[in-house]
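So you can see what is in the structure, the chains are spelled out below.
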Amino acid sequence: VACGSDDAHTFTLKIRPDAYTHGTDKTAHFQWFHFRASGVRGKKCTFVLENAGDASYPEGWEDYKTVASYDRLDWFRIASTEYKDGKLSWTLEPERDSVWFSYFAPYSWERHERLVAELSGPGQLGTHTSIGETLEGRPLDLLTFGDGPLTIWATARQHPGESMAEWCAEGLGRFLNSVDDPLARELRRVATVRLVPNMNPDGAVAGYLRVNAAGANLNREWASGVYEGYDAPSLERSPEVFYTLAAMDQLGMDAHVDIHGDEAIAANFFAGTEGIPSWDESLAAQLKALSDAFLRRSPDFQVGLGYDVEPPGEGNMAVGSNAVAERYNALSVTLEMPFKDTLTPAEAADPVRGWSPGRAKAFGA
């Protein structure tokens, strides 16, 4: 949007929907937004997203604060953000000619390409392979660190609008690439860690919230038999999942973390796989050990808030973590981060930036 010469300006906008999701979700998701306002220095501007109440997760707007940036590097929260009568609005008098607004700080495809090149370049500890292509021909990149006997996978950004997932994956990759960090050295010794930092390149480039170029919600594409008449994954609809599962089959899979973002819950937490048919005491003990390790590692992690635990045998087996845990009889968890801030624990909150790229990267490390 571009600002005129009047003293007061109100811009009414609509978030455009994703490609329609057939078979599983049967809806056109939307919630992600990212745009620039130009010619706005010193002018009081109000922006109104008039269809916010019809978004995929309207509860995500409660207590949410829009992020903004003048340089696309430092992103801050707009305190005036308000959700009322189905509309999300905020008012700002920009300090510069142009300002960018977004649902969360974007993670661009160019940054992804630079990260892959950097961590697998000369003198670095990572190796890079492409395990397949997306529907639009983009590579599905895999970074590998270490050569230990355990094979640990981390996948991120199945839902492209959850850009904090790739910020977190970057932090994990940089940690694994560290020569000096003793924990990174020990992890590389005991495990081979395989990182897919962006599971959904096409959706990320398109600015979608939940889906790939075909409208598939990738985190409902990991197994058949869940949705009537719907087989998954497939090369025609969800090659990203198809190729990732093929690589896991080929390279081995002993543990898995799938990195996501949650619109409503203001906390970092694990969603376990208690609802899979083969859930047992061993997997429960592994989940507790992993949770305890995260609690020791980061004050930004907690175990009080999260999703309801699914009853045994009632989990959605098309969800990535459930499908992987059942397929390999191994620990698999979904790691959720907030679009808002970490209000539990309260002392971890940042009223200026909320949950941010820097904090997500540090959390991943």
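As the structure is a prediction and not an experimental result, all values here were calculated from the model.

Colleague: Got a minute to help me understand the overall build of the chain in this structure?
Modeller: In terms of helices and strands, the chain carries 8 helices and 15 strands. In terms of C-alpha radius of gyration, the chain reaches 20 Å, essentially the compact-globule figure of 21 Å for 365 residues. On the principal axes, the C-alpha backbone points of the chain span a range of 65 × 50 × 40 Å. Looking at the 365 residues of the chain, the share that counts as buried comes to 55%. Nonlocal contacts in the chain, meaning residues at least 24 apart in sequence, comprise 74% of its contacts between residues at least 6 apart. Taken as a whole, the chain presents about 15,500 Å² of accessible surface, with 50% of it coming from carbon and sulfur. Across the chain, 33 positive and 53 negative side-chain charges occur, with their mean positions spaced 6 Å apart.

Colleague: For this particular structure, what's the right way to read the sheet that holds strand E8 (residues 98-102)?
Modeller: Strand pairs in the sheet, formed through backbone hydrogen bonds, run parallel or antiparallel to each other. Pairing is antiparallel in the open sheet, where 4 strands are placed in the order E2-E8-E4-E5. For this open sheet the edge positions go to strand E2 (34-38) and strand E5 (76-77), each flanked by a neighbour on one side alone. By the bridge criterion, 2 bridges tie strand E4 (residues 67-69) to E5 in an arrangement that is antiparallel. Counted as the bridge partner of Ala68 is Phe76 from E5.

Colleague: Can you help me understand empty space enclosed by the protein in this one?
Modeller: To find the voids left in a structure, one rolls a probe of water-molecule size over its atoms. In total, this model carries 1 cavity of 30 Å³ or more according to the counting rule given. Taken as a whole, the largest cavity holds about 40 Å³ of empty space. Lining the largest cavity are Val67, Trp75, Phe76, Arg77, Phe104, Ala105, Arg353, Trp355, Ser356 and Pro357.

Colleague: It is not clear to me how unusual backbone geometry should be interpreted in this structure. Could you clarify?
Modeller: As a rule of thumb, non-glycine residues mostly have phi less than zero, and peptide bonds are mostly trans rather than cis. Geometrically, the link from Ala232 to Pro233 is a cis peptide bond, its omega value of -5° lying close to zero. Within the secondary structure, Pro233 sits in the loop between helix H4 (201-206) and helix H5 (239-251). One non-glycine residue with positive phi stands out, namely Asn329, at about 50°. Within the element layout of this structure, Asn329 appears in the loop between helix H7 (320-328) and strand E15 (331-338).

Colleague: Is there a simple way to explain helix H8 (residues 357-364) in this structure?
Modeller: Residue pairs spaced three or four apart in an α-helix point in one direction, given the helix's 3.6 residues per turn. Turning to H8, its buried residues number three or more, namely Pro357, Arg359, Ala360, Phe363 and Gly364. For H8, the arc enclosing every buried residue in end-on projection is 165°, short of the 170-degree limit, so these residues lie on one face. Those residues of H8 that are buried are in contact with helix H2 (164-176), helix H6 (281-297) and E15.

Colleague: Any chance you could explain the sheet that holds strand E13 (residues 255-262) here in plain terms?
Modeller: The 7 strands are arranged E9-E10-E12-E11-E13-E15-E14 in an open sheet whose pairing can be described as mixed. The sheet terminates laterally at strand E9 (127-133) and strand E14 (269-271), the two strands that pair on one side only. Going from strand to strand, the sheet's axes swing by 25° on average, the running direction of each strand aside. Two strands pair when backbone bridges link them, and strand E11 (residues 150-156) and strand E12 (residues 191-196) are joined in this way by 6 bridges, in the parallel orientation. Bridging across to E12, Thr151 finds its partner in Thr192. Contacting strand E10 (139-145), E11, E12, E13 and E15, H2 runs over the sheet at an angle of about 140° to E13. Set on the sheet, helix H3 (residues 182-190) makes contact with E10, E11 and E12; between it and E12 the angle comes to about 100°.

Colleague: Would you mind showing me how to read the pairing of E10 here?
Modeller: The two faces of a sheet get side chains in turn, since along a regular strand they alternate between them. Counted residue by residue, E10 has 6 buried out of 7 residues, so it is predominantly covered. Pairing between E9 and E10: 5 bridges, direction antiparallel. Each residue of the ladder has a partner; that of His128, found in E10, is Leu143. In sequence, E9 turns back onto E10 through a hairpin of 5 residues, with Gly137 there showing a positive phi of about 85°.

Colleague: I'm lost on the environment of Gly354 in this one. Help?
Modeller: Relative to the assigned elements, Gly354 resides in the loop between E15 and H8. Relative accessible area serves as the criterion here: at 4%, Gly354 is assigned to the buried category. Excluding its chain neighbours within four sequence positions, the residues that come into contact with Gly354 are Arg77, Lys340, Asp341 and Arg359.

Colleague: Would you explain the pairing of E11 in this entry?
Modeller: Counting buried residues in E11 gives 5 out of 7 residues, a clear majority hidden from the surface. Summarising the sheet, E11 and E13 pair through 5 bridges and their orientation is parallel. Across the sheet, Thr155 pairs through a bridge with Asp258, a residue of E13.

Colleague: Is there a simple way to explain the nonpolar core in this structure?
Modeller: Inside soluble globular proteins, nonpolar side chains tend to come together where they are buried. Core analysis: the biggest nonpolar cluster contains 69 residues, and Phe33, Phe47, Trp61, Trp90 and Phe101 have the highest contact counts within it. At 8 residues, the largest contribution of residues to this core is made by H2. Residue contacts for Phe33: discarding those within four places in its chain leaves Ile15, Leu49, Trp61, Tyr64, Thr66, Leu88, Trp90, Phe101, Ser102 and Tyr103. One finds Trp153, Trp222, Met248 and Val324 within the second-largest nonpolar core, a separate group that totals 17 residues.

Colleague: Is there a simple way to think about the packing of aromatic side chains in this case?
Modeller: Applying the stated criterion to the full structure yields 26 aromatic pairs. Ring geometry for Phe47 against Trp90: centres 5.9 Å apart, planes inclined by 25°, an arrangement best described as stacked. Placement of Phe47 in strand E3 (residues 44-49) and of Trp90 in strand E7 (residues 87-92) is noted, with a sequence separation of 43 residues between them. Plain terms: the ring middles of Tyr70 and Phe76 are 5.7 Å apart, the flat faces sit at 35° to each other, and that makes the pair tilted. Taken individually, Tyr70 and Phe76 each receive the classification buried, so the pair is uniform in this respect. Each residue in the set Phe11, Phe33, Phe35, Phe47, Trp61, Tyr64, Trp90, Phe101, Tyr103, Phe104 and Phe339 is aromatic and connected to the rest through ring pairs, giving one cluster.

Cut-offs applied
- Residues numbered from 1 in each chain as written.
- Predicted model: local features only at pLDDT ≥ 70, side-chain atom pairs only at ≥ 80, totals over all residues.
- Heavy atoms only, no water.
- Helix = DSSP H or I, 4+ residues; strand = E, 2+ residues; numbered from the N terminus.
- Rg over C-alpha atoms; globule rule 2.2 N^0.38 Å.
- Buried < 20%, exposed > 50% of the residue type's maximum accessible area, 1.4 Å probe, protein only.
- Contact = heavy atoms within 4.5 Å.
- Areas by Shrake-Rupley, 256 points an atom, 1.4 Å probe, with all protein chains shown as cover.
- Lys, Arg positive; Asp, Glu negative; His and termini not counted.
- Charge placed at Lys NZ, Arg CZ, Asp CG, Glu CD.
- Pairing = 2+ DSSP bridges.
- 1 Å grid on protein atoms, 1.4 Å probe; cavity = no way out; pocket = protein on both sides within 12 Å on 5 of 7 lines; lining within 4 Å.
- Points joined across faces, edges and corners; volume = space filled by probe spheres on them.
- Arc of directions from axis to C-beta.
- Axes fitted to C-alpha atoms, helices over the stretch in contact; angles between N-to-C directions.
- Core = buried A, V, L, I, M, F, W, Y, C linked by side-chain atoms within 4.5 Å.
- Phe/Tyr/Trp six-rings, centres within 6.5 Å; stacked < 30°, edge-to-face > 60°.

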